[in-house]
Amino acid sequence: PFPVMLVVSMLPEEWGYKTQYALPPEVVTGVLKHDHVQISQQLETTGGVRQHNLRLPGGRHKAFVTQAAQTKQRLRNRHLDLHSAVESIQTAAEDEVGRLAE
């Protein structure tokens, strides 16, 4: 299956799920506002998957986090508006999903 990353501020009513906890077990969700990652119990490893263990492979995690931090700094310094910052992070995330699919 092709991995897909989707960022939404809330679940659309049309999806029929009231919270991220009700999504199908194969869906990994993250609520970034609360610094929380929800992973279905069906996908947890024997030792349990914790947020700090979730990393992109091959050095890509550091590259993505660095790019996100730079975007945040540029937003804070008003070198980017909010829309451009969101677009930058979204593009970086899409690129990482593309790399995972390759």
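The preceding data block contains the structure.
Right, let's walk through the structure included here. In this text the structure is predicted, and so the values were computed from the model without any measurement.

## Here we look at helix H1 (residues 60-76)
Link 1 in the chain: Between its first and last C-alpha, H1 extends 24 Å over 17 residues, near the 24 Å set by a 1.5 Å rise per residue.
Link 2 in the chain: A positive backbone phi angle near 65 degrees is found at Arg78, which sits one or two residues after H1.

## A closer look at the environment of Tyr17
Link 1 in the chain: Positionally, Tyr17 belongs in the segment before strand E1 (29-31).
Link 2 in the chain: You can call Tyr17 partly exposed: its relative accessible area is 30%.

## Thoughts on a nonpolar patch on the surface
Link 1 in the chain: Residues Leu6, Val8, Trp15 and Tyr17 make up a contiguous nonpolar surface patch of about 370 Å² in total accessible area.
Link 2 in the chain: If you trace the backbone, Trp15 turns up in the segment before E1.

## Here we look at unusual backbone geometry
Link 1 in the chain: Unlike most non-glycine residues, Arg78 shows phi in positive territory, near 65 degrees.
Link 2 in the chain: Note on placement: Arg78 falls in the loop between H1 and helix H2 (82-101).

## Considerations on H2
Link 1 in the chain: Its 20 residues give H2 an end-to-end C-alpha distance of 29 Å, which sits within 8% of 28 Å, the value for a rise of 1.5 Å per residue.
Link 2 in the chain: Every buried residue of H2 is listed here: Ala85, Ala92, Ala93, Glu96 and Val97. The buried residues of H2 occupy an angular sector of 140 degrees when projected down its axis, which confines them to one face.

## Details of the pattern of salt bridges
Link 1 in the chain: The tally for this structure, following the rule as stated, stands at two salt bridges.
Link 2 in the chain: Its salt-bridge partner being Arg60, residue Glu96 comes within 2.8 Å of it at the nearest N-O pair. Here Glu96 is found in helix H2, whereas its partner Arg60 is found in helix H1, with 36 residues between them in sequence.
Link 3 in the chain: Here Glu96 ties to Arg99 by a salt bridge, and the two come within 3.2 Å at their closest N and O atoms. Of this pair, Glu96 and Arg99 both sit in helix H2, separated by three residues, roughly a single helical turn.
Link 4 in the chain: The exposure class of Arg99 is partly exposed, given its relative accessible area of 40%.
Link 5 in the chain: Beyond isolated ion pairs, a larger network of salt bridges with shared partners links Arg60, Glu96 and Arg99.

What counts as what
- Residues numbered from 1 in each chain as written.
- Predicted model: local features only at pLDDT ≥ 70, side-chain atom pairs only at ≥ 80, totals over all residues.
- Heavy atoms only, no water.
- Helix = DSSP H or I, 4+ residues; strand = E, 2+ residues; numbered from the N terminus.
- Expected span 1.5 Å × (residues − 1).
- Buried < 20%, exposed > 50% of the residue type's maximum accessible area, 1.4 Å probe, protein only.
- Patch = residues over 30% accessible without salt bridge, like charges linked within 9 Å, V, L, I, M, F, W, Y side chains within 5 Å.
- Areas by Shrake-Rupley, 256 points an atom, 1.4 Å probe, with all protein chains shown as cover.
- Salt bridge = Lys/Arg side-chain N within 4 Å of Asp/Glu carboxyl O.
- Arc of directions from axis to C-beta.

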